[in-house]
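# Structural overview for review
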Amino acid sequence: MTATLLIEIGVEELPPKAMRALADAFADGVTSALSEAGLTLGATTRYATPRRLAVAIADTDETTQPIEVEKAGPTLAIAYDDAGKPTKAAEGFARSVGMSVDALEQEDSDKGKRLVYRATEPGKPIATLVQAAVDQALKRLPIPKLMRWGDSDAAFVRPVHWVVALHGNEIVPLSVFGESAGRRTYGHRFHHPDAIDLANADDYAEALNNAWVVVDPDSRKQRIVEQVGKAASSFGGEAVIDDGLVEEVTALVEWPVGIAGRFDERFLVLPREVLISTLQEHQRYFPIENDAGGLLAGFITVANIESRDVAQVIAGNERVVRPRLSDALFFWDQDRRQGLAHNVDGLARVTFQQSLGSLADKSARIAAAGKRLADPTGASLNIVQRAATLAKADLLTEMVGEFPDLQGRMGYYYAREDGEPAEVADAIAEQYAPARAGADIAATPAGRALSLADRLDTLSGIFAIGRRPSGDKDPFGLRRAALGVLRTVIEAGLVLDLRAELAAALANQPVDAEADTLDALWMFHMERLRGYYQDQGIGSDRFEAIIGLDLVDLVDFDRRIHALDAFGRDSDAQTVCGAHKRIRNILRRNADEIAQADFNADALSESAERALAQAYLAQREVVVDAMKANDPGRALTALSALAKPLDAFFDQVMVMAEDASVRQNRLALLGELDDLCREVADISCLSLEKSD
């Protein structure tokens, strides 16, 4: 018989940012453990609220399938003595399978007749499998911090208060941290405080919904979005929906109810980011904006209860948010009175990193890098220098002290308030761009110069003091910083020598780095570059074909790898790349003779080699001209024209001829072809499947 298997663990309020990961891991862990045990399972549904983790597995068999068992024993010559009595070997084998020697079967084998045990082991009932599966799943949960409770030695993410384990309408034996499983669960803490006895596992979601609990986190998340949108509409605007905030609120409530509140319009003078950060980060409220995108003096909070006195709930939330906004307004006024430049001198008193000096020292190094980067980014040197001077000044403002996530952005606002040029303010705002994976790079020339200078200084400085990332540890976010450098250079089309910029930034550090630091720093960037292209679906073989060319111009690298990726899908690419791989192998094995060989087209005698030489000479100029014009796609198209003559050459011509002059001339021709192919990339590295 199949039925739904339900496992629920009731707990005190889970940490909201961990709920989703815990729910997914618990469901996956139970499902995989039961599947490995041999149980046939249907579709899995994971449930989670602030007070529970649960999994329901449809169409779960009550037992595993019977297993046919066969074990070979000793041959009869070993199993019986000369008198025909069983030996110790036979008796030991019989005991191991729980039978007598006489009850064992005999069969022929390549060593003669032997004893054999055959049986059908019955399936294991689900009641014997669930405990081990749940224990295994719980051990593997990504728990951020364990908690102990009572006098028990048990440790879990939160204290456990009840456990449900049902297979259909039958209770399955299970104990979790001293709590024995039953069929009793609990609904909403206030709307339905009484226990709920589940008649069947299939009743779970509906029974809890009737008890004011939306147990499916995806359904609850959708309900929150709908409730917030509805409340914002009643306020006369549209909610600013942040998915991270929706996810967090989903982990805080079981029965979401959206409620609109107001705040004093005088707070609207605050920058948009300050208002949003105050409402979202501090209060978990959703801001409201008008059709033009301007913020309104209102917010949406999501309650966990349908109150009979909504006005009191609204008043309470308005009372809580008022002092937060008042503090922000005070910081705004205080910082503007002092001015951004007022904080520059204070940077000398703030350490950037031990051995790397203060924030003032870092700002000076950024300014020095900015001088080199102004030209390739197309930025004004004066703008870059002024932006570098002010870039870190907002770190000492009251506002950034309260809202660290607004660093850079507050510098932008204060620079504008101080009358700094718009380009300076924009560059300050863009110094941390791209701020996260997938975010936009800096849009302005000065912003790109400042962003690159800042990251190059951090990367070279941390590498110089020997704090390189290792394994999963990257406390300084260097992998993200390096990717930001690569993305900015490539996506903005900046033609510069990145290795030289890294060397200059490294030389500008106040410490003497190890001799291999520049090489390590460069390879660190190249590994990030590999991942950058993998994320675009470009294989590692394409990357390997270009990395060996030691290009330092990433714009050139980018052009080549995209052209190469397209070339790899061409029907003639298989032939050309295969031939180049063969050429490379031949040349490696005959390096000494190559050194003595000079190519002479007139000395070629066989038609296939003459045809290949003619094709090579015809395409050489095309390839060279195309690469001078930064058009690797056209160069690779020209190489495709060599496919048929290459195929014919290797089919009809013996490269390693007995005559030394003939052999060396053919090797020289292959050397010329190798050089031509590697004008774009080492295409012998490409792994191409044959096209149908």
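Anything mentioned here points back to the structure above.
All values derive from a computational prediction rather than experimental measurement.

## Describing the packing of aromatic side chains
Enumeration over the complete set of coordinates arrives at 16 aromatic pairs. For the ring pair Phe330 and Phe331, a centre distance of 6.1 Å and an interplane angle of 65° mean the geometry is edge-to-face. The class for Phe331 is buried, based on a relative accessible area of 13%. Ring pairs connect the aromatic residues Trp332, Tyr412, Tyr413 and Tyr414, which therefore count as one cluster. Between Lys362 and the ring centre of Phe352, over which it is positioned, the NZ or CZ distance is 4.5 Å. Here Arg409 stacks its cationic end above the ring of Tyr412, 4.4 Å away from the centre of that ring.

## A closer look at the sheet that holds strand β4 (residues 67–75)
Taken together, three strands build an open sheet; the order of strands is β4-β6-β5 and the sheet is antiparallel. Edge positions in the sheet fall to β4 and β5 (105–107), since each of these pairs with one other strand and no more. Sheet twist, expressed as the mean angle between neighbouring strand axes with direction ignored, is 35°. Here β4 runs beside strand β6 (residues 114–121); their pairing, made up of seven bridges, is antiparallel.

## Thoughts on the pattern of salt bridges
Scanning all chains against the criterion turns up 43 salt bridges. The residue Glu107 makes a salt bridge to Arg118 at a minimum N-O spacing of 2.4 Å. Residue Glu107 is found in strand β5, and its partner Arg118 is found in strand β6; the two are separated by 11 residues along the sequence. Looking at Arg118, the relative accessible area reads 33%, which means it is partly exposed. A salt bridge links Arg584 to Asp674, with the shortest nitrogen-to-oxygen separation between them at 3.1 Å.

## Describing the pairing of strand β17 (residues 286–289)
Where burial is concerned, the two faces of β17 agree: the one with Phe286 and Ile288 and the one with Pro287 and Glu289 are both buried. Here two bridges tie strand β15 (residues 238–239) to β17, and the two strands are oriented antiparallel to one another. Across the sheet, residue Ala239 finds its bridge partner in β17, namely Ile288. Where β17 hands over to strand β18 (residues 295–303), the hairpin turn is made up of five residues, of which Gly293 adopts a positive phi near 90°.

What counts as what
Residues numbered from 1 in each chain as written. Predicted model: local features only at pLDDT ≥ 70, side-chain atom pairs only at ≥ 80, totals over all residues. Heavy atoms only, no water. Phe/Tyr/Trp six-rings, centres within 6.5 Å; stacked < 30°, edge-to-face > 60°. Buried < 20%, exposed > 50% of the residue type's maximum accessible area, 1.4 Å probe, protein only. Lys NZ or Arg CZ within 6 Å of the ring centre and 35° of its normal. Pairing = 2+ DSSP bridges. Helix = DSSP H or I, 4+ residues; strand = E, 2+ residues; numbered from the N terminus. Axes fitted to C-alpha atoms, helices over the stretch in contact; angles between N-to-C directions. Salt bridge = Lys/Arg side-chain N within 4 Å of Asp/Glu carboxyl O.

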